[in-house]
Each structure stands twice: as C-alpha cells, then as structure tokens.
Amino acid sequence: MKRFVNKVFWFAVLLASVFIALIIITPPDENSYLNEYNHKLQLLTETPGQRIIFVGGSSVAFGNDSQTISDSLGMPVINFGLHAGIGIKYPLTDCLAHVHKGDVVVVQIEYANYYTGGNGEASTFALFMNATGWRGVTMLNLPQWTYVIRGIPRLAWGNLIRLIKYPFTGNLNQEAASDEFKYARSGFNRWGDEVSHYELPATKLPLVRKNSHNTVDFSFMSWLSDCFKSLEQRGAQVIVLPPVCCESYFSIVNDPTIAEALDAIGRPFAAPMEAMVLSDDYSYGYGYHVTREGVRLNSLNIIRTIKPLLNRQDNK
C-alpha cells in the first residue's frame, strides 16, 4: 500500500510539474478576451481628470456605450467591466488603488456575486491571472487561490493546444473576430466597450433553471460596505446600479433580498432592479448581454439615473 501511495504521489508531482512548465514557457494569448483587462487597467491609470468608472462583469462590458455616456454627462468614462468569472472583489480592489478625488465609481454587480462572495469562478480565475501576468497574485484570498489551483490543468491544457497548433498557424494568439462573434480582446473599443457584436442579430437566451437555495453572503456585504467607504475616503462618489438584464433572465435571477441587503448597509440601488431590465428582443445570447440597440437603451437608462446624482454632487 505504501508503495502504491508513493507512486501516486510522484505521478501527481510529475503531472503538476508538466502543468507548471506549460504555463511558464507559453506566452499569454494577447488576443484573449481576458487580456483586455490590461487595457482597462491602463485606462484607469492613465486617464486624467475626474472620471466616471463603471465596474462590473460582462454586463458592463457588453451593455454600455461609454462615448454616449461621456458626451451626455461631460466626464471621461472608463468601462472597467469584463467578466463575472473574475468576481467583483478583484476589479474593485484594483479600482480602489487608482481612483482619486472627483471620480465617480458606478458599480453594477451581476447578481450571483451577492451569493458567492464576489470571488469569481474556478473556470475563469487561473486564465485571468495568466492573462494579466499574475499581477496582484500575492493579494488573492483563499477562495481565489483555490480557484487558481483548480484552474491550472485547464490553463496548461489550453497552452499545450496552442503550442501544438503553432507550427501550422505561426501564431500563439487566437485570430481576431470577423463576421462570427468571438470572445477576444480585439472586440473592444478604446473606452473598454465590447462592440464586435454590434452588427450581429439578437440571439435567444439559453434555458436557465431558477435556484431557490441562494442566500445573500453577508460577509461579502460587509466587505462591499468597507470597500465603498474606502473609495469615498479617496474622494470618489459611489453609485450602485443594478446590471442590465433581459426580461426572461431577470424573472429567474430577481431576488428582492439583494436590494434589502444593500439597503441594510446604507448602499441602496440608485434605481429599482426592474428599471434596468430590457425586452428579450435585445438579448445577445446571455441574460446580461444585449444587442447594439439594447446598449443604446441601457446607456440612456444609465444617463437618466445618474445625471441627477452627479448634479447634486456638483452643487455641494
């Protein structure tokens, strides 16, 4: 038995070594969707003056027209939303490090974060850390480290496939999106908006079953409250908005306890959850993704909601 255990142990060590070697020797895919985070971080660090910074997941990336919002509100806009799989804690922590007095941070959190603690997903986090060059890895919490470890085999396997294809393609990066949608960095514009789906038609939402067992994670709510206070201590204004959501998907994820939990920490939604809901006619394949017309309508909703709040701040 001891001999068998030793063999299993050394096999696991060998396999882990191969995985790590594949991760180390293979450069990140520069056109991966998650690689766009580097561009968004550059916008956050280099855009001067008072900015409006939208923080969230892909609902923000796919749902906002930053130029229209900027032109209407008279402030530069940074779309800092990317993927729900990286959670909300990581991007909000990054945002905290780079905001300054006069910034407006509009937080639009996909609803699942309120149940899962905002740490992200195992299927995404290792890929994300690799795409960012493992920056901030020492600041990860235990759940995020767990997701990284669980995601290493997938990351290593993807790198192996890219290396195998390289002699035939001459390129370790995925091709840019063309007439068929691909999740890719090349699909983003200079403000951080995902725009490559704009000319594509609406698509039906996949069937999703309602999970009646979700409960709000109150330790996450405490963390969120502390984060918002830290943002305000740096001179930023914080506005909490529901994410854009298509009608049939909203009927599944709608949970009034989320709004109640935000009320309890003194950070209510600036608009009712229903106010950010659009018809399924504007769905682009996922409950939080909308078509070009959906982006226009959502951006107008955002402008109508936060403009009076900005005016009140200007009059203080």
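(A) Local environment of the pairing of strand E4 (residues 237–240). Neither face of E4 is open: one carries Gln237 and Ile239, the other Val238 and Val240, and all of them are buried. In this structure, strand E3 (residues 104–108) lies alongside E4, joined through four bridges in parallel fashion. In the sheet register, Val104 faces E4, and the bridge partner there is Gln237.

(B) Structural context of the side chain of Asp29. Residue placement: Asp29 occurs in the loop between helix H1 (2–25) and helix H2 (36–46). The side chain of Asp29 is buried and forms no salt bridge, while Arg162, the nearest opposite charge, is found at 4.8 Å. A distance of 2.9 Å separates the side chain of Asp29 from the backbone nitrogen of Asn31, its partner in a polar contact. Sequence-distant contacts of Asp29, defined by excluding residues within four places in its chain, comprise Asn35, Arg162, Leu172, Asn173 and Gln174.

(C) Spatial organisation of the sheet that holds E4. Read from one edge of the open sheet, four strands run E2-E1-E3-E4, paired in parallel fashion. Looking at the sheet topology across the chains shown, the edges are occupied by strand E2 (77–79) and E4. Sheet twist, expressed as the mean angle between neighbouring strand axes with direction ignored, is 20°. Taken strand by strand, helix H5 (residues 89–98) contacts strand E1 (52–56) and E3, and its axis lies near 160° from that of E1.

(D) Main features of the pattern of salt bridges. Applying the stated rule across the entire model yields six salt bridges. One salt bridge connects Arg135 with Asp94, and the closest N-O pair in it is separated by 2.7 Å. Of the two residues, Arg135 is situated in the loop between helix H7 (122–131) and helix H8 (142–169) and Asp94 in helix H5; the sequence distance between them amounts to 41 residues. Since its relative accessible area comes to 25%, Arg135 is described here as partly exposed. Residue Asp94 is classed as buried on the basis of its relative accessible area of 6%. Among the ionic pairs, Arg267 bridges to Glu232, the shortest N-O distance being 2.6 Å. With Arg267 in the loop between helix H11 (256–264) and strand E6 (277–278) and Glu232 in helix H9 (residues 218–233), this residue pair connects regions lying 35 residues apart in the sequence. For Arg267, a relative accessible area of 13% corresponds to the buried category.

(E) How the structure looks around the confidence of the model for the protein. Summing up the model confidence of the protein, the mean pLDDT is 88 and the portion of residues at 70 or higher is 88%. Per-element confidence in the protein is highest for E3, whose mean pLDDT is 98, and lowest for H1, whose mean pLDDT is 63. Low pLDDT (under 50) marks residues 312–316, which in the prediction has two contacts with non-local residues, meaning those over four places away or in another chain.

(F) Representation of the packing of H5 against H9 in the model. One way to put it is that H5 packs onto H9 with a least axis distance of 10 Å and a crossing angle of 20°. Judged by the angle between their axes, H5 and H9 are roughly parallel. The way H5 lies across H9 gives a crossing that is left-handed. Residues Lys89, Leu92, Thr93 and Leu96 of H5 lie in contact with H9, whose contacting residues are Phe220, Trp223, Leu224, Cys227, Phe228, Ser230 and Leu231. The residue makeup of the contact of H5 with H9, split by class, is eight nonpolar, two polar and one charged.

(G) Focus on the nonpolar core. In terms of nonpolar packing, the biggest core is built from 64 residues, with Leu92, Tyr111, Tyr114 and Leu224 touching the most fellow members. With six residues, H9 is the single largest residue contributor to this core. Those residues in contact with Tyr114 that lie beyond four places of it in its chain are Ile109, Thr215, Val216, Asp217, Phe220, Met221, Leu224, Ile258, Leu262 and Phe269.

(H) Structural view of the packing of H2 against H5. Contact pair H2 / H5: the axes reach a minimum separation of 10 Å and the direction vectors enclose 25°. Comparing the axis directions of H2 and H5 gives the class roughly parallel. Crossing of H2 over H5 shows right-handed handedness. Across from Tyr37, Leu41, Leu44 and Thr45 in H2, the residues of H5 making contact are Tyr90, Pro91, Asp94, Cys95 and His98. When grouped by side-chain class, the residues that make up the contact of H2 with H5 number six nonpolar, two polar and one charged.

Procedures and definitions
Sequence positions are assigned chain by chain, starting from 1 and proceeding in written order. Per-residue local features are limited, in this predicted model, to residues with pLDDT of at least 70; the limit for side-chain atom pairs, both in listing and counting, is 80 or more; totals at the level of whole chains, interfaces and linings are taken over all residues. To get the side-chain values, all heavy atoms of the structure are used, and hydrogens and water are removed first. The rule is simple: take the accessible area with a 1.4 Å probe, protein chains only, and divide by the maximum for that residue type; under 20% is buried, over 50% is exposed, in between is partly exposed. The way it works is that DSSP assigns letters per residue, a run of H or I at least four long becomes a helix, a run of E at least two long becomes a strand, and they are numbered from the N terminus. Pairing between two strands is assigned when DSSP locates at least 2 bridges connecting them. We treat Lys and Arg as the positive residues and Asp and Glu as the negative residues; His and chain ends play no part in the count. A carboxyl oxygen of Asp or Glu within 4 Å of a side-chain nitrogen of Lys or Arg is what we treat as a salt bridge. Polar contacts, as used here, are pairs of N or O atoms within 3.5 Å; protein pairs need one atom able to donate a hydrogen and one able to accept it. Residues neighboring in sequence count only if both atoms are side-chain atoms. For this analysis, residues touch if any pair of their heavy atoms sits within 4.5 Å. In this analysis, axes come from line fits to C-alpha atoms, helices being fitted only over the stretch in contact, and the angle between any two N-to-C directions falls in the range 0 to 180 degrees. pLDDT runs from 0 to 100 and stands for how confident the predictor is about each residue. An angle counts as roughly parallel when it lies under 35 degrees, as roughly antiparallel when it exceeds 145, as roughly perpendicular when it falls between 65 and 115, and as oblique in every other case. A crossing counts as left-handed when the near helix is turned anticlockwise from the far one by less than a right angle, and as right-handed when that turn is clockwise. The nonpolar class holds Ala, Val, Leu, Ile, Met, Phe, Trp, Tyr, Cys and Pro. Asp, Glu, Lys and Arg form the charged class, and all remaining residues, Gly among them, are polar. By nonpolar core is meant a set of buried Ala, Val, Leu, Ile, Met, Phe, Trp, Tyr and Cys residues that side-chain atoms within 4.5 Å join together.

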